[in-house]
Amino acid sequence: MATLTASRTAAYGLDLGRLGPNWYAAVMGTAIVANAAAALPVHVPGLIGFGEVVWVLSFLALAALVAGRAVHLTRHRATAREQLLDEPATAVFYGCPPMALIAVGYGTLALGSRLIGTGPAVAIDLVLWTVGTGYAVLVAAGIPYLMITRHRVSALRANPTWLLPVVAPMVAAALGPALIPHLPAALGPAMLYGCYALFGASLLGTLLVLPVVFAGLVHSKLPALVLTPSLFLVLGPLGQSTTAVNQLADAAKTAAPALAGPALGFAVLYGVAATGFAVLWLGVAITANLRALRAEMPFAMTWWAFTFPVGTMVTGTAGLARHTGFDGFTGLAVALYLLLVAAWAVALVRTLAGLLDGRLLGRVRVA
């Protein structure tokens, strides 16, 4: 019986034809745990070491997922085409790959440099940020274009996943400034202004989509219980934009000194306002998800929505703590990080269990 079981197990493998772009959310969620550890405005023994371990995990996960998606895109072209062009519910998740690339790249510079050296870390981050930013801009323009011209969607059925494509450039805006000290001086202003442009593009895109999303939620509710975690996605543009303006304020000191003062004032005023609404919405999202869990919400990859958006709030409030010196922001950043790590651990364990027992990607006969 044991031999037969082993034989059957060996005869099955993961179905990469079902490996959609939504899987990059797991990489994003893992990377933000590492990046937020480096950003926290407190010194805790072992925190950076923990961040380095999680960064390595995110880097390996990204490499494995890129390889898996390469197989998907070459061997399952019809499915890939359908996911992008004919399934709007899947197409919006194309916002996840560029955010994963950029987040892992930043982690390589912020944490991986101690392990692999500054030079290689800068090179990797520069490549991942450049590729990810180009990808983000393409997605931020391309998915709305498909919604307008091809996808059959209704604004009355909008949900928070619609935010994913327009948030991607904000991640580039938030994490690009870290490269400025490592670029030739002449390129510093170009990077600074480019990141501000990405910030504006994403912010205005979010302001365009967010009212539609809320109207859809009020009118049609969420179409499935398992989508309840997507309510956390509203936190993404709020926390990431707060992170962006604070990072840009730091970068302006060297790249555009004349703007450093106004940039810092804008970072604090905008960041505090955005964080206020983020905390308000966090309460809504937590309450709705507790209700869904009581209704026996099943595990799905949507649970990774518990991670990256909360992580952006950690990095955003950490930036505010750095620039204001207000202990309240420090305490909020720490509390949010504890929430983030707990959510990440649950999502990670459930995902690994789902992969091992075949519930997530399914198993197909390979031998």
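Data block above holds the structure.
Definitions and cut-offs
- Sequence order sets the numbering: in each chain, residues are counted from 1 along the sequence as written.
- Under the rules for a predicted model, residues below a pLDDT of 70 receive no local features and side-chain atom pairs below 80 are neither given nor counted, while totals for whole chains, interfaces and linings still include all residues.
- As a rule here, side-chain values come from all non-hydrogen atoms in the structure, and water together with hydrogens is ignored.
- The helix count covers DSSP runs of H or I at least four residues long, the strand count covers runs of E at least two residues long, and both are numbered beginning at the N terminus.
- For the exposure calls, accessible area comes from a 1.4 Å probe over protein chains only, and a residue counts as buried if that area is under 20% of its type's maximum, exposed if over 50%, partly exposed in between.
- By salt bridge we mean one thing: a side-chain nitrogen of Lys or Arg within 4 Å of a carboxyl oxygen of Asp or Glu.
- Only buried Ala, Val, Leu, Ile, Met, Phe, Trp, Tyr and Cys residues count toward a nonpolar core, and they belong to the same one when joined by side-chain atoms within 4.5 Å.
- What makes two residues a contact is simply this: any of their non-hydrogen atoms within 4.5 Å.
- Here a cavity denotes a set of grid points, spaced 1 Å apart and computed over the protein atoms alone, in which a 1.4 Å probe fits but from which it cannot get out, and a pocket denotes an open set meeting protein on both sides within 12 Å along at least five of seven lines; residues with an atom within 4 Å of a point are reported as lining.
- Grid points are joined across faces, edges and corners, and a volume is the space filled by probe spheres set on the points.
- Only Asp, Glu, Lys and Arg are considered charged, only Ala, Val, Leu, Ile, Met, Phe, Trp, Tyr, Cys and Pro nonpolar, and every remaining residue, Gly among them, polar.

Caption draft 1: Representation of the environment of isoleucine 48. Note that isoleucine 48 resides in helix H3 (residues 47-75). Residue isoleucine 48 is classed as partly exposed on the basis of its relative accessible area of 33%. It is 9.9 Å that separates the C-alpha atoms of isoleucine 48 and alanine 36, two residues lying 12 residues apart in sequence.

Caption draft 2: How the structure looks around the pattern of salt bridges. Under the criterion given, the structure shown has five salt bridges. Among the ionic pairs, glutamate 52 bridges to arginine 114, the shortest N-O distance being 2.6 Å. Of this pair, glutamate 52 sits in helix H3 while arginine 114 sits in helix H6 (residues 96-116), placing them 62 residues apart in sequence. By relative accessible area, which is 9% here, glutamate 52 ends up buried. The class of arginine 114 is exposed, set by a relative accessible area of 60%. Salt-bridge contacts for arginine 150 lead to aspartate 86; the nearest nitrogen and oxygen are separated by 3.2 Å. Of this pair, arginine 150 sits in the loop between helix H7 (118-149) and helix H8 (164-175) while aspartate 86 sits in the loop between helix H4 (77-85) and helix H5 (88-91); the two residues are 64 residues apart in sequence, bridging distant segments of the chain. A relative accessible area of 40% means that arginine 150 is categorised as partly exposed. For aspartate 86, a relative accessible area of 45% gives the class partly exposed. One continuous salt-bridge network, built from bridges that share partners, spans Asp250, Lys253 and Arg322.

Caption draft 3: Geometry of the nonpolar core. Counting 110 residues, the largest nonpolar core has Met99, Trp129, Ile143, Leu192, Leu235, Tyr337 and Leu340 as its most contacted members. Examining the composition of this core, we find that 11 residues originate from one element, helix H2 (residues 24-39), more than from any other. Not counting residues within four places of it along the chain, the set of residues in contact with methionine 99 comprises Met28, Leu164, Val167, Ala168, Val171 and Phe308.

Caption draft 4: The layout of surface pockets, seen in detail. Its volume calculated, the largest pocket comes out at about 690 Å³. Elements with a contribution of two residues or more to the lining of the largest pocket: H2, H5 and helix H12 (308-324). Residues of the lining of the largest pocket, tallied by class, amount to 22 nonpolar, seven polar and three charged. Its boundaries defined by the atoms lining it, the second largest pocket holds a volume of some 430 Å³. Sorting the residues of the lining of the second largest pocket by element identifies H2, H3 and helix H13 (327-357) as the ones contributing at least two each. Broken down by element, the lining of the second largest pocket gets its largest block of residues, six residues, from H3. Here the residues of the lining of the second largest pocket sort into 16 nonpolar, three polar and no charged.

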